[in-house]
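Residues per chain, in single letters:
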Number of protein chains: 4
Amino acid sequence: MQSRTPASRAGRPRDPAADAAILAATRQALVELGWSKLTLGDVATRAGVAKTTLYRRWAGKNELVVDAVAELFDELELPDRGSLADDIEGVVLQFAAILARPEAKSGLMAVVAEATRDDALRERIRSSIVERQMRLVLQGRARAQKRGELPPEPDPREAARTVDLIFDVVAGAVVHRTLVSGKAADEEWVRSFTRVLIGGLASSA
Amino acid sequence: MQSRTPASRAGRPRDPAADAAILAATRQALVELGWSKLTLGDVATRAGVAKTTLYRRWAGKNELVVDAVAELFDELELPDRGSLADDIEGVVLQFAAILARPEAKSGLMAVVAEATRDDALRERIRSSIVERQMRLVLQGRARAQKRGELPPEPDPREAARTVDLIFDVVAGAVVHRTLVSGKAADEEWVRSFTRVLIGGLASSA
Amino acid sequence: MQSRTPASRAGRPRDPAADAAILAATRQALVELGWSKLTLGDVATRAGVAKTTLYRRWAGKNELVVDAVAELFDELELPDRGSLADDIEGVVLQFAAILARPEAKSGLMAVVAEATRDDALRERIRSSIVERQMRLVLQGRARAQKRGELPPEPDPREAARTVDLIFDVVAGAVVHRTLVSGKAADEEWVRSFTRVLIGGLASSA
Amino acid sequence: MQSRTPASRAGRPRDPAADAAILAATRQALVELGWSKLTLGDVATRAGVAKTTLYRRWAGKNELVVDAVAELFDELELPDRGSLADDIEGVVLQFAAILARPEAKSGLMAVVAEATRDDALRERIRSSIVERQMRLVLQGRARAQKRGELPPEPDPREAARTVDLIFDVVAGAVVHRTLVSGKAADEEWVRSFTRVLIGGLASSA
DNA sequence: CCGTAACCGAGACGGTACGTCGAGTCTTTGA
DNA sequence: TCAAAGACTCGACGTACCGTCTCGGTTACGG
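Going along each chain's sequence as written, the residues are numbered from 1 onward. Chains carry letters and ligands carry numbers; both start at the beginning, A for chains and 1 for ligands, and go up in the order they are written. Under the rules for a predicted model, residues below a pLDDT of 70 receive no local features and side-chain atom pairs below 80 are neither given nor counted, while totals for whole chains, interfaces and linings still include all residues. Only heavy atoms go into the side-chain values, all of them from the structure, while hydrogens and water stay out.

### A few points about the relation of the copies chain C and chain D
Phase 1: Alignment of the copies relies on least squares applied to C-alpha atoms, considering only residues that score at least 70 for pLDDT in both. Its rotation angle being 179°, the transformation that places chain C on chain D also includes 0.0 Å of axial translation and leaves an RMSD of 0.1 Å. The superposition of one copy onto the other is thereby described by a two-fold rotation axis.
Phase 2: Any two residues whose heavy atoms approach within 4.5 Å are treated as being in contact. Of all interface residues in chain C, 100% are interface residues in chain D too; the two copies therefore contact each other through one and the same surface.

This is the structure in structure tokens:
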């Protein structure tokens, strides 16, 4: 008896290379044109794919861009720099570097804006981007607890709330600095910000 | 003595009521349709005005929405609740309340997204919205210094940097909480957030 | 008090030159591409006009082609060659010459085919093309009656029926010869046909 | 001697039932949708067949519809009503009845229209439909000659020309009456038409 | 009785045109 | 000069079919 995969049975299978080509083309178009001038027809052409192929796989511009941008954040990792403060600084700098790239800037805020009126889209953003990078916060806390910099957290509910708060503060501040204030989140700024964050967490514990 | 503004010389003068009607119509359309489905033709119709009139006063959708949203934030004020922490809590709650309104949510993020590729637009946002509310931070610090909660700031450069940082952290965290995480910035969250912020500022001073 | 023409009051008036340009472009496209490969986008481009302008004036391909083809038949006239038989021969030859032109061939049958499922279209064809050329039959009969070749028609009902019959026979035979049999309706054929027609009318009177 | 059918050699043979199912489905679709809205995908679905199968047997929409319509005319036959005039009336009425059916109307004119730009298609129409029904004219003449209603035709060239002319007149008139004038070719009309035709032929002989 | 070759269904593919919609401009009449 | 009205150009939208292709699977026949 063989394992029956009832999916993907009849008909010509989808070209698996097309997905990657389309997402790459999307990022390239975001760099050159920005969100508002990006057209799906153009993306299809760049990817060497028909418009219909694109629409067969994504519901629209929003969903496509979420996926294209989400891949950018997968390269984030938590460097082990020896102390909690330095670890945070490191990852915040990485985050800032990604946000400084035009394909991230241009796309991310736009889909967030769209998500204010589209719950499915917000959920997609949360699961594809936010939730996926939450691992960094958890990993950082675990490492700090192992080092003895943070006490073990007895109440898991409270722990989750703290993780959420940290995420909102970190991501929010970097995004606001970069996109609204329009200034670079450079080393100096990150150091000041990290000092405030660490101090706040310590004193509020 | 009458001031002769050479701009307004001959011909039929612009209807001054139209501006307000257009901005109100824009906000109403933002509520009902959201940014991406808002059309200038529709706004003109709602305002009882021809499209031409609208284009004579604003360069396009982006500029119009910035102005429409900017007015929303003018109602912010710093309540005197007796202590720095309570003052901050109060203003952050007000800010969160405005951001929870659909016309703010929908419009603000969209124009920020557009601004990533349009310097003039970013400048317009900064001057119409951000800069204008920076007064709250300054006011708060002054009041806290008068109360003795904060020491006087000797270095004005350093002071400005701190104000910027606070603004990025506050605005960024609330925006991220509301729009990305999709959870309400309610009293409980604001209290936690404020505790971290105050603690961080105190310890990093 | 002046006569108020409530039509054409406010707003920019339609460019009257565009109609002619579009119809001419349509005929040109019919010649080069034929009905089935003619696209409204292409016609618009040829006419130097936006697609929307075209759709503002015609409901679709069918209506447009009817109007474009109808103009071709307006050049038909009844020559006075001295006898009924010669008059008929002359006009049938003209009709055959028009039908031999590719823009007529290609378009006319196609819209007739469409009209089998669209009563409004059939009516448009009837009033724009058929009814308009019915004048030739009436004119020919009147002239023949003046010459004494035909007796005056006492019953108008019967007269109308005869006119319809003649029209169906003449138009039908020429169209079938040209488009279905695929042979030219040349002088020889027209002479044979006319002889049969005249003979038939005389004997059935 | 063995029958060498080099065509059908190896491999799975074509399902012979599919052809009939496809042609029937085509006629059904013509009735419901008309030529222009008939799609090959839909026909395939109706016939319970894959699009590939259809394309393996017909080159395209035009060829398919010609074959589907051609079958309709095979039911025509020349009734023996005793006189030439009555025989013609009978067959013309049958022809009119077929043309009144929507699947004939809708399809026939459309492929004729297409054929104006496609010689291969015109030839297919001629051989599948026109030529095939020419037999009726020949048969009718032969019968009339046997009855003594028509003299024997000495010149075969002239005879062929006459047959062609009759066919163009009969088919053309009925088609024009039905499809362009949009009126029924009923008994009364057919009687008038036949009288003219017979009279014309007699007088021109 | 086994391979080969053509068939079959399903459905993805690259294209092309569709008809609509919105942006932003222009041209009219009228205030 | 501004205002209302509405036609204008332009370009993207998302959909629908076309005709082709690529699958896995199914018949027949011929060795």
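### Description of the nonpolar core
Phase 1: Among the buried residues, those of types Ala, Val, Leu, Ile, Met, Phe, Trp, Tyr and Cys that are joined through side-chain atoms within 4.5 Å form a nonpolar core. For the exposure calls, accessible area comes from a 1.4 Å probe over protein chains only, and a residue counts as buried if that area is under 20% of its type's maximum, exposed if over 50%, partly exposed in between. One finds C:Phe73, C:Met109, C:Phe193, D:Phe73, D:Met109 and D:Phe193 to be the most contacted residues of the largest nonpolar core, which totals 134 residues.
Phase 2: Ignoring anything within four residues of it in the chain, the contact list for D:Met109 reads C:Met109, C:Val112, C:Ala113, D:Val175 and D:Leu179.

### A word on the confidence of the model for chain A
Phase 1: Every residue carries a pLDDT, the predictor's confidence in it, which falls somewhere between 0 and 100. For chain A, mean pLDDT is 92; residues scoring 70 or higher make up 96% of the total.
Phase 2: Between residues 1–6 of chain A, whose pLDDT stays under 50, and residues either more than four places distant or in other chains, the model counts zero contacts.

### Looking at the protein's contact with DNA strand F
Phase 1: What makes a residue near a molecule or strand is one non-hydrogen atom of that residue sitting within 4 Å of it. As a structural note, the neighbourhood of DNA strand F is formed by 42 residues, with A:Tyr55, B:Arg56, B:Arg57, C:Thr53 and C:Arg57 the closest of them.
Phase 2: Within the side chain of C:Arg56, an N or O atom sits 2.5 Å from a phosphate oxygen of DNA strand F.
Phase 3: Here a polar contact is recorded for every N or O atom pair within 3.5 Å, except that within protein the pair must consist of a potential hydrogen donor and a potential acceptor, and residues adjacent in sequence are included only if both atoms are side-chain atoms. In the model, a base oxygen of DNA strand F is placed 3.0 Å from a nitrogen or oxygen of the D:Arg12 side chain.
Phase 4: Runs of E in the DSSP output that reach at least two residues are strands. Runs of H or I that reach at least four are helices, and both are numbered from the N terminus. Contributing elements (two or more residues each) for the surface near DNA strand F: α2 (40–47) and α3 (51–57) of chain A, α3 (51–57) of chain B, α3 (51–57) of chain C together with α2 (40–47) and α3 (51–57) of chain D.

### As for the packing of helix α1 (residues 16–33) of chain D against helix α4 (residues 61–73) of chain D
All names here are of chain D.
Phase 1: Where α1 contacts α4, the axes come no closer than 9 Å and their chain directions differ by 90°. In terms of orientation, α1 and α4 fall into the roughly perpendicular class. Of the residues in α4, those touching α1 at Ile22, Leu23, Thr26, Arg27 and Leu30 are Leu64, Val65, Asp67, Ala68, Val69, Glu71 and Leu72.
Phase 2: The classification used treats Ala, Val, Leu, Ile, Met, Phe, Trp, Tyr, Cys and Pro as nonpolar, Asp, Glu, Lys and Arg as charged, and all other residues, Gly among them, as polar. Along the lines of polarity and charge, the residues of the contact of α1 with α4 split into eight nonpolar, one polar and three charged. Whenever a helix is involved, its axis is fitted only over the stretch in contact; in every case the axis is a line through C-alpha atoms, and angles between N-to-C directions fall within 0 to 180 degrees. Here the word oblique covers every angle except those under 35 degrees (roughly parallel), over 145 (roughly antiparallel) and from 65 to 115 (roughly perpendicular).

### A word on the interface of chain A and chain B
Phase 1: Residue-level contacts link 46 residues of chain A with 46 residues of chain B.
Phase 2: Here the quantity called buried area is the accessible surface, traced with a 1.4 Å probe, that two parts lose on coming together, added over both. Across the chain A/chain B interface, buried area totals approximately 3700 Å², and carbon plus sulfur atoms make up 62% of it.
Phase 3: Taken as a group, A:Arg117, A:Asp168 and A:Val196 account for 16% of the area that chain A buries against chain B, more than any other trio of residues on that side.
Phase 4: Salt bridge, as used here: a side-chain nitrogen of Lys or Arg that lies within 4 Å of a carboxyl oxygen of Asp or Glu. At the surface where chain A touches chain B, the tally comes to four salt bridges.
Phase 5: Its salt-bridge partner being B:Asp164, residue A:Lys183 comes within 3.1 Å of it at the nearest N-O pair.
Phase 6: Where chain A meets chain B, there are 12 residue pairs in polar contact (both at pLDDT 80 or more).
Phase 7: Counting only elements with at least two residues in the side of chain A that touches chain B, the list comes to α1 (16–33), α6 (102–115), α7 (119–147), α8 (156–180) and α9 (187–204) of chain A.

### Considerations on the arrangement of the chains
Phase 1: Regarding chain A and chain C, the two do not touch, and the least distance separating their C-alpha atoms is 18 Å.
Phase 2: If you take every C-alpha in chain A and every C-alpha in chain D, the smallest gap between them is 11 Å, and the two do not touch.

### Structural notes on the domain arrangement of chain A
All names here are of chain A.
Phase 1: Looking at chain A, the domain boundaries give domain 1 (16–57) and domain 2 (70–204).
Phase 2: Marked domain ranges trace back to an automatic or database domain assignment. The distance between the C-alpha centroids of domain 1 and domain 2 comes to 29 Å.
Phase 3: Taken together, the six residues of domain 1 in the interface contact nine residues of domain 2.
Phase 4: In total, domain 1 and domain 2 occlude about 650 Å² of area from one another, counting both sides; carbon and sulfur atoms represent 72% of this.
Phase 5: The tally of links from domain 1 across to domain 2 stands at one salt bridge.

### Details of α7(A)
All names here are of chain A.
Phase 1: Here, expected helix span is obtained from the residue count minus one, scaled by 1.5 Å. In this model α7 runs 40 Å from its N-terminal to its C-terminal C-alpha over 29 residues, within 8% of the 42 Å that 1.5 Å per residue would give.
Phase 2: You can read the cap of α7 off the contacts: a side-chain oxygen lies 3.1 Å from the backbone nitrogen of alanine 120, and it is on aspartate 118.
Phase 3: Phi turns positive, to about 85°, at glycine 148, one or two residues after α7.

### With respect to the protein's contact with DNA strand E
Phase 1: In the neighbourhood of DNA strand E, 42 residues make up the surrounding shell, with A:Thr53, A:Arg57, C:Tyr55, D:Arg56 and D:Arg57 lying closest.
Phase 2: For DNA strand E, the fraction of protein-proximal atoms (within 4 Å) that sit in sugar or phosphate groups is 62%.
Phase 3: In this structure, C:Lys51 approaches DNA strand E through a side-chain N or O atom, which is 3.0 Å from a base oxygen.
Phase 4: Take D:Arg12: an N or O atom from its main chain is 3.2 Å from a sugar or linking oxygen of DNA strand E.
Phase 5: Listed by contribution, the elements that provide at least two residues to the surface near DNA strand E are α3 of chain A, α2 (40–47) and α3 of chain B, α2 (40–47) and α3 of chain C together with α3 of chain D.
Phase 6: For the surface near DNA strand E, the residue count by class is 12 nonpolar, 15 polar and 15 charged.

### Notes on the pattern of salt bridges
Phase 1: Using the criterion set out here, one finds 80 salt bridges over all chains in the structure.
Phase 2: With its nearest N and O atoms 2.7 Å apart, the salt bridge here joins B:Glu131 to B:Arg126.
Phase 3: By relative accessible area, which is 25% here, B:Arg126 ends up partly exposed.
Phase 4: The closest approach of N and O atoms between D:Glu32 and D:Arg46, which form a salt bridge, is 3.0 Å. On the criterion of sequence distance, the pair formed by D:Glu32 in helix α1 and D:Arg46 in helix α2 is long-range, its members being 14 residues apart.
Phase 5: According to the relative accessible area criterion, D:Arg46 is partly exposed, its value standing at 28%.

### A word on the packing of aromatic side chains
Ring pairs (aromatic) are described by centroid distance and by the angle formed between their planes.
Phase 1: Two rings from Phe, Tyr or Trp (for Trp, the six-membered ring) form a pair when their centres are within 6.5 Å of each other. A pair whose planes differ by under 30 degrees is stacked, one over 60 is edge-to-face, and the rest are tilted. All chains considered together, the criterion is met by eight aromatic pairs over all chains.
Phase 2: An angle of 5° between the planes, with centres 5.3 Å apart, marks the rings of C:Trp189 and C:Phe193 as stacked. Highlighted residues: C:Trp189 and C:Phe193, both in helix α9 (residues 187–204), separated by four residues, approximately one helical turn.
Phase 3: A relative accessible area of 7% places C:Trp189 in the buried class.
Phase 4: Take C:Phe193: its relative accessible area is 2%, and that puts it in the buried class.
Phase 5: Lysine NZ or arginine CZ positioned within 6 Å of the ring centre and within 35 degrees of the ring normal marks a charge as sitting over the ring. Positioned above the aromatic ring of A:Trp35 is the side chain of A:Lys61, whose terminal nitrogen or guanidinium carbon lies 4.7 Å from the ring centre.

### Brief notes about the interface of chain C and chain D
Phase 1: Counting residues at the interface gives 46 residues for chain C, matched by 46 residues for chain D.
Phase 2: Of the roughly 3700 Å² buried where chain C meets chain D, counting both sides, 62% is carbon and sulfur surface.
Phase 3: Counting the surface chain C buries against chain D, the share from its top three residues, C:Arg117, C:Asp168 and C:Val196, is 16%.
Phase 4: At the boundary of chain C and chain D, one finds four salt bridges.
Phase 5: Summed over the shared surface of chain C and chain D, the result is 12 residue pairs in polar contact (both at pLDDT 80 or more).

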